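One letter stands for each residue in the lines below.
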Amino acid sequence: LFQVTLRIKVRSYIMMRHDFILITEALKRLRSEKDGIIKRCLFYSAVALYGRSFTKSESGFSTLDRGVFNNATEFERTHMDLMDRRNKFVAHKERSPDEIAFAYLKLEIDTSLISVQTIHGKRVSPTANQINSYIKIVNYLHDHVMNRLQELADDVWKHLMKTYTPEQMSFMKIAGPTKK
């Protein structure tokens, strides 16, 4: 049980760490990107990956909660902004100031034809200040995850020292991941 629970926690935090690295890279590239489609993809990716670390799944993987910010108001606001964008703009269709859509009837006077026309637009470029805030919170979370990984490594070490004698440990094969 210790091994399975620990393995899931370690994998969870390793995946979060990787997501935070990708988010930071996407946000940095967003600063200088000119192509609108690429900008949209970079921002969608950053927001979706950010939300992944805070949304529960049925797989049993660990997630973060708002308590990670220790009531730091600046991080709370930025977190709520990112989660709101994730929930309303990327993951679900809800009202969002970042997206507009409307339809209107168009009447051709010469032919009396009526047609429905639609307009849809998404604002995908956060401001430079928002990007800086996003990078700052992601760096904070990356550091938090690295600390959790170190704590888990310490727990494994304590478990080994408590469970096995030095002689038993000398016979153990200690290695990284193995191919299945």
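Residues numbered from 1 in each chain as written. Predicted model: local features only at pLDDT ≥ 70, side-chain atom pairs only at ≥ 80, totals over all residues. Heavy atoms only, no water.

Chemist: I would appreciate a short explanation of a nonpolar patch on the surface in the present structure.
Modeler: The grouping of L105, L107, I114 and V116 at the surface amounts to a nonpolar patch, some 450 Å² of accessible area in total. Counting only elements with at least two residues in the nonpolar patch, the list comes to strand 1 (99-107) and strand 2 (114-122). Within the element layout of this structure, I114 appears in strand 2. Owing to a relative accessible area of 59%, I114 belongs among the exposed residues under this scheme. (Patch = residues over 30% accessible without salt bridge, like charges linked within 9 Å, V, L, I, M, F, W, Y side chains within 5 Å. Areas by Shrake-Rupley, 256 points an atom, 1.4 Å probe, with all protein chains shown as cover. Salt bridge = Lys/Arg side-chain N within 4 Å of Asp/Glu carboxyl O. Helix = DSSP H or I, 4+ residues; strand = E, 2+ residues; numbered from the N terminus. Buried < 20%, exposed > 50% of the residue type's maximum accessible area, 1.4 Å probe, protein only.)

Chemist: Would you take a moment to explain the nonpolar core for this structure?
Modeler: In a soluble, globular protein the nonpolar side chains are often hidden away together inside. In terms of nonpolar packing, the biggest core is built from 31 residues, with Y50 and L141 touching the most fellow members. Listing elements by their share of this core, those giving two or more residues are helix 1 (2-32), helix 2 (36-52), helix 3 (73-91) and helix 4 (128-163). If one sorts the elements of this core by residue count, helix 4 sits on top with 9 residues. Residue contacts for Y50: discarding those within four places in its chain leaves I23, F69, H79, L82, M83, I137, V138 and L141. (Core = buried A, V, L, I, M, F, W, Y, C linked by side-chain atoms within 4.5 Å. Contact = heavy atoms within 4.5 Å.)

Chemist: Got a minute to help me understand the pattern of salt bridges in this structure?
Modeler: It is possible for side chains of opposite charge to pair when their charged atoms get near one another. For the structure on display, the rule yields 7 salt bridges. Here E74 ties to K136 by a salt bridge, and the two come within 3.2 Å at their closest N and O atoms. Remark: K136 occurs in helix 4 and E74 occurs in helix 3; sequence separation between them is 62 residues.

Chemist: Could you clarify how one ought to interpret the environment of Y104 in this entry?
Modeler: With respect to the helices and strands, Y104 occurs in strand 1. We classify Y104 as partly exposed; its relative accessible area is 37%. Contacts of Y104, omitting those with residues within four sequence positions, involve S115, V116, Q117 and I119.

Chemist: Just checking my understanding: could you explain the side chain of E76 for this structure?
Modeler: You can see E76 is positioned in helix 3. The class for E76 is buried, based on a relative accessible area of 15%. Leave out the neighbours within four places in its chain, and E76 touches R66, F69 and N71.

Chemist: When you look at helix 4 in this model, what are you seeing that I'm missing?
Modeler: At 3.6 residues per turn, the α-helix brings residues three or four places apart onto the same side. When the terminal C-alpha atoms of helix 4 are compared, their 52 Å separation across 36 residues agrees well with the 52 Å that a helix rising 1.5 Å per residue should span. Where helix 4 is concerned, the buried positions are I131, Y134, I135, I137, V138, L141, H142, V145, L149 and L152. (Expected span 1.5 Å × (residues − 1).)

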